[in-house]
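Below, each chain spelled out in residue letters.
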Amino acid sequence: MIATPIFMAVMLMDFKYHYTVALVLFALASITDMLDGKIARKNNLVTTFGKFLDPLADKLLVMSAVICFAFERWIDPIAVVIILGREFMVTGLRLVVANEGVVVAAGIWGKLKTAFTMIALIAIMALQI
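Note that the structure is a prediction, hence the values are computed from the model and not measured.

Rules of the game
- Residues numbered from 1 in each chain as written.
- Predicted model: local features only at pLDDT ≥ 70, side-chain atom pairs only at ≥ 80, totals over all residues.
- Heavy atoms only, no water.
- Axes fitted to C-alpha atoms, helices over the stretch in contact; angles between N-to-C directions.
- Helix = DSSP H or I, 4+ residues; strand = E, 2+ residues; numbered from the N terminus.
- Parallel < 35°, antiparallel > 145°, perpendicular 65-115°, else oblique.
- Contact = heavy atoms within 4.5 Å.
- Nonpolar A, V, L, I, M, F, W, Y, C, P; charged D, E, K, R; others polar.
- Buried < 20%, exposed > 50% of the residue type's maximum accessible area, 1.4 Å probe, protein only.
- Arc of directions from axis to C-beta.
- Core = buried A, V, L, I, M, F, W, Y, C linked by side-chain atoms within 4.5 Å.
- Polar contact = N/O pair within 3.5 Å; in protein donor to acceptor, adjacent residues only side chain to side chain.
- Phe/Tyr/Trp six-rings, centres within 6.5 Å; stacked < 30°, edge-to-face > 60°.

Novice: How would you summarise the packing of helix H1 (residues 3-12) against helix H3 (residues 48-71) if you had to cite specific residues and measurements?
Specialist: Look at H1 against H3: their axes get within 10 Å of each other, and the N-to-C directions meet at 10 degrees. For the element pair H1 / H3, the angle class is roughly parallel. Together, Thr4, Phe7, Met8, Met11 and Leu12 of H1 and Leu60, Leu61, Ser64, Ala65, Cys68, Phe69 and Phe71 of H3 make up the contact between the two elements. Classifying every residue of the contact of H1 with H3 by side-chain character gives ten nonpolar, two polar and no charged.

As structure tokens, then:
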């Protein structure tokens, strides 16, 4: 979550190699997110708070990236609306069931979707450099 505003600032600033720096920041944020989950599961440090916060951090990073991409005209705004709509619906569903005392941790399909999304966003940035 800390990397997201830094990524956005670098992405939208105008200095030499700012897209490359933004790409590296995004990739590092994606990798540390993956490692964080693996380390937590390996060391039995999984918490309810982590199950809730980790997907939100992923969504924040993805939403920030696609909004920046729309600003840079790398992605169609309609795609941004579709992506953001899906993310808000999933988060809304998580909040509804959390209100009932149920925490929905990300399953394998959600983790794969996140991994493929991060890879796709990195590829989009790499193609712009």
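Novice: Tell me what's going on with H1, and back it up with residues and numbers.
Specialist: Inspection of H1 places Thr4, Phe7, Val10 and Met11 among the buried residues, and these make up the whole buried set. Buried residues in H1, looked at end-on, bunch into an arc of 135 degrees, giving them a common side. In this structure, the buried residues of H1 make contact with helix H2 (18-42), H3 and helix H5 (108-128).

Novice: Can you explain the nonpolar core? Please cite residues and give values.
Specialist: If you look at the biggest cluster of nonpolar residues, it comprises 21 residues, and the most contacted ones within it are Phe7, Met11, Phe26, Phe69, Leu121 and Met125. The greatest single-element share of this core, amounting to seven residues, is contributed by H3. Not counting residues up to four positions away in its chain, the partners in contact with Phe26 are Phe7, Leu61, Ala65, Met118, Leu121, Ile122 and Met125.

Novice: Give me the lowdown on the side chain of Thr91, citing residues and values where you can.
Specialist: The topology assignment puts Thr91 in helix H4 (residues 77-99). Look at Thr91 and you get buried, because its relative accessible area is 15%. Within the structure, Thr91 has its side chain in polar contact with the backbone oxygen of Glu87 (distance 2.9 Å). Not counting residues within four places of it along the chain, the set of residues in contact with Thr91 comprises Leu56 and Lys59.

Novice: How would you explain the packing of aromatic side chains if you had to name every residue and give the values?
Specialist: Enumeration according to the criterion identifies three aromatic pairs in this entry. Ring centres of Phe69 and Trp74 lie 5.2 Å apart, and the angle between their planes is 45 degrees; this geometry places the pair in the tilted category. Here the two residues Phe69 and Trp74 agree in accessibility, since each one is buried. Members of the aromatic cluster, connected to one another through ring pairs, are Tyr19, Phe69 and Trp74.

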